[in-house]
Amino acid sequence: MSQNIHHVCMKTRLNQCLGTFDALGLWVGLFSLRLILGWDFFESGLEKFNGENWFADIQDQFPFPFNLVPPNISWQMATWFELLGGIALVIGLGTRFFSVSLWVLSVVAIASVHWPEAWRTLAELAQGYVFTDKGFGNFKYPVVLMGMLWTLLWMGPGRLSLDDVLRRRCVS
């Protein structure tokens, strides 16, 4: 009988401990995810802001309907979505909107910059699922970012965010 009570106590303590980690994840876990993504996209936007527009060289590789947008407008849109989206993710404002926007931007980047030029089999395509381009593309990093953005889209920004503050004020 005392062994049964000990077993129940251990299960209760384990559940409490895991519950604490789950609660911390809503604060620290999602904030750290937003921080990493926000900084990365902001940095990419800053490079575009300070660099020269090279979109005209690859516009024909943009998927429809993005290939119809003039390169100067595409460049400005990508730059400002990365800059503003990066800041918004860090502070947790409009998190779901910017997660979707930056996810779409990543799809366009994969299609126009990171995808292999030619592949006939899935095995050849898989050679491009790497971080460095050795002639087969390099779409692993944007896919990882997309997975992180997907998480924010479905889980939201977490408790340590302006979105959460605004939501609590609107609901109360």
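Scope of this entry: the structure provided in the associated data block. (Residues numbered from 1 in each chain as written. Predicted model: local features only at pLDDT ≥ 70, side-chain atom pairs only at ≥ 80, totals over all residues. Heavy atoms only, no water.)

**Looking at the pattern of salt bridges**
The condition that has to hold: Here, a salt bridge means any Lys or Arg side-chain nitrogen found within 4 Å of an Asp or Glu carboxyl oxygen. Relative accessibility decides the category of a residue: with a 1.4 Å probe and only protein chains considered, values under 20% of the type maximum give buried, values over 50% give exposed, and everything between is partly exposed. What counts as a helix is a DSSP run of H or I of at least four residues, what counts as a strand is a run of E of at least two, and both are numbered from the N terminus.
Under the counting rule described, the total for this entry stands at four salt bridges. For Asp-164, the salt bridge goes to Arg-159, with nearest N and O atoms at 3.3 Å. The class of Arg-159 is partly exposed, set by a relative accessible area of 30%. Its salt-bridge partner being Asp-164, residue Arg-168 comes within 2.8 Å of it at the nearest N-O pair. Taken together, the residues Arg-168 and Asp-164, both in helix H6 (residues 162–171) and four residues apart, mark about one turn of the helix.

**Some words on the nonpolar core**
Keep this limit in mind: Residue types Ala, Val, Leu, Ile, Met, Phe, Trp, Tyr and Cys, when buried and joined through side-chain atoms within 4.5 Å, form a set referred to as a nonpolar core. Here, residues are in contact when the closest pair of their heavy atoms is within 4.5 Å.
In terms of nonpolar packing, the biggest core is built from 19 residues, with Leu-33, Leu-37, Phe-41, Phe-55, Leu-89, Leu-149 and Leu-152 touching the most fellow members. Sorting the residues of this core by element identifies helix H1 (2–50), helix H2 (71–91), helix H3 (95–114) and helix H5 (140–155) as the ones contributing at least two each. Not counting residues up to four positions away in its chain, the partners in contact with Leu-149 are Leu-37, Phe-41, Leu-89, Ser-99, Leu-102, Trp-103 and Ser-106.

**Thoughts on the packing of aromatic side chains**
Filter applied, for reference: Note on aromatic contacts: the rings of Phe and Tyr and the six-membered ring of Trp form a pair at centre separations within 6.5 Å, being stacked when their planes are under 30 degrees apart, edge-to-face when over 60 apart, and tilted otherwise.
Under the criterion given, the structure shown has 15 aromatic pairs. The rings of Trp-54, Phe-55, Phe-62 and Trp-75 are connected pair by pair, giving a single aromatic cluster.

**What about unusual backbone geometry?**
Cis rather than trans, the peptide bond between Phe-64 and Pro-65 has omega equal to 5 degrees. When you line up the elements, Pro-65 lands in the loop between H1 and H2.

**Observations concerning the side chain of Ser-112**
Mapped onto the secondary structure, Ser-112 falls in helix H3. If we skip the residues at most four places from it in the chain, Ser-112 touches Ile-58, Gln-61 and Phe-62.

**Some words on the layout of surface pockets**
What counts here: Put plainly, a pocket is an open set of points on a 1 Å grid over the protein atoms alone with protein on both sides within 12 Å along at least five of seven lines, a cavity is a set where a 1.4 Å probe fits but cannot get out, and a lining residue has an atom within 4 Å of a point. Grid points are joined across faces, edges and corners, and a volume is the space filled by probe spheres set on the points. Only Asp, Glu, Lys and Arg are considered charged in this grouping, and only Ala, Val, Leu, Ile, Met, Phe, Trp, Tyr, Cys and Pro are considered nonpolar; every other residue, Gly among them, is considered polar.
By volume, the largest pocket amounts to about 780 Å³. Lining the largest pocket are 32 residues, and of these Lys-48, Ala-78, Glu-82, Leu-105 and Ala-109 lie nearest its centre. Contributing elements (two or more residues each) for the lining of the largest pocket: H1, H2, H3 and H5. With nine residues, H3 is the largest single contributor of residues to the lining of the largest pocket. Its residues assigned to classes, the lining of the largest pocket shows 19 nonpolar, seven polar and six charged.

**A short note on the packing of H2 against H3**
Keep this limit in mind: To get an axis, a line is fitted to the C-alpha atoms, and for a helix only the part in contact is used. The angle between two axes follows their N-to-C directions and goes from 0 to 180 degrees. Note on convention: the crossing is left-handed when the near helix lies turned anticlockwise from the far helix by less than a right angle, right-handed when the turn is clockwise.
The geometry of H2 relative to H3 is characterised by a closest axis approach of 10 Å and an angle of 140 degrees between their N-to-C directions. Relative to H3, the crossing made by H2 is left-handed. Taking contact as the criterion, the partners of Ala-78, Phe-81, Glu-82, Leu-84, Gly-85, Ala-88 and Leu-89 in H2 are, on H3, Thr-95, Phe-97, Phe-98, Ser-99, Ser-101, Leu-102 and Leu-105. Along the lines of polarity and charge, the residues of the contact of H2 with H3 split into nine nonpolar, four polar and one charged.

**Regarding H2**
What counts is decided by this rule: Multiply 1.5 Å by the residue count of a helix minus one, and that product is the helix's expected span.
Across its 21 residues, H2 extends 30 Å between first and last C-alpha, which sits within 8% of the 30 Å expected from 1.5 Å per residue. Every buried residue of H2 is listed here: Pro-71, Ser-74, Trp-75, Ala-78, Thr-79, Glu-82, Leu-83, Gly-85, Gly-86, Ala-88 and Leu-89. A positive backbone phi angle near 75 degrees is found at Gly-92, which sits one or two residues after H2.

**Details of the environment of Leu-145**
Relative to the assigned elements, Leu-145 resides in helix H5. In this structure Leu-145 comes out as buried when scored by relative accessible area, which is 6%. In this structure the C-alpha to C-alpha distance between Leu-145 and Asn-53, which are 92 residues apart in sequence, comes to 23 Å. In this view, Leu-145 contacts Leu-37, Asp-40 and Phe-41; residues no more than four positions away in its chain are not counted.

**Concerning the packing of H3 against H5**
As a reminder of what qualifies: Note that the term roughly parallel is reserved for angles under 35 degrees, roughly antiparallel for angles over 145, roughly perpendicular for angles of 65 to 115, and oblique for everything else.
At a minimum axis distance of 9 Å, the contact between H3 and H5 shows a crossing angle of 160 degrees. Compared by their axis directions, H3 and H5 come out roughly antiparallel. In this structure, H3 crosses over H5, and the sense of that crossing is left-handed. In this structure, H3 uses Thr-95, Arg-96, Ser-99, Val-100, Leu-102, Trp-103, Ser-106, Val-107, Ile-110 and His-114 to contact H5, whose residues at the interface are Pro-142, Val-143, Met-146, Leu-149, Trp-150, Leu-152, Leu-153, Trp-154 and Met-155. Here the contact of H3 with H5 is composed, by residue class, of 14 nonpolar, four polar and one charged.

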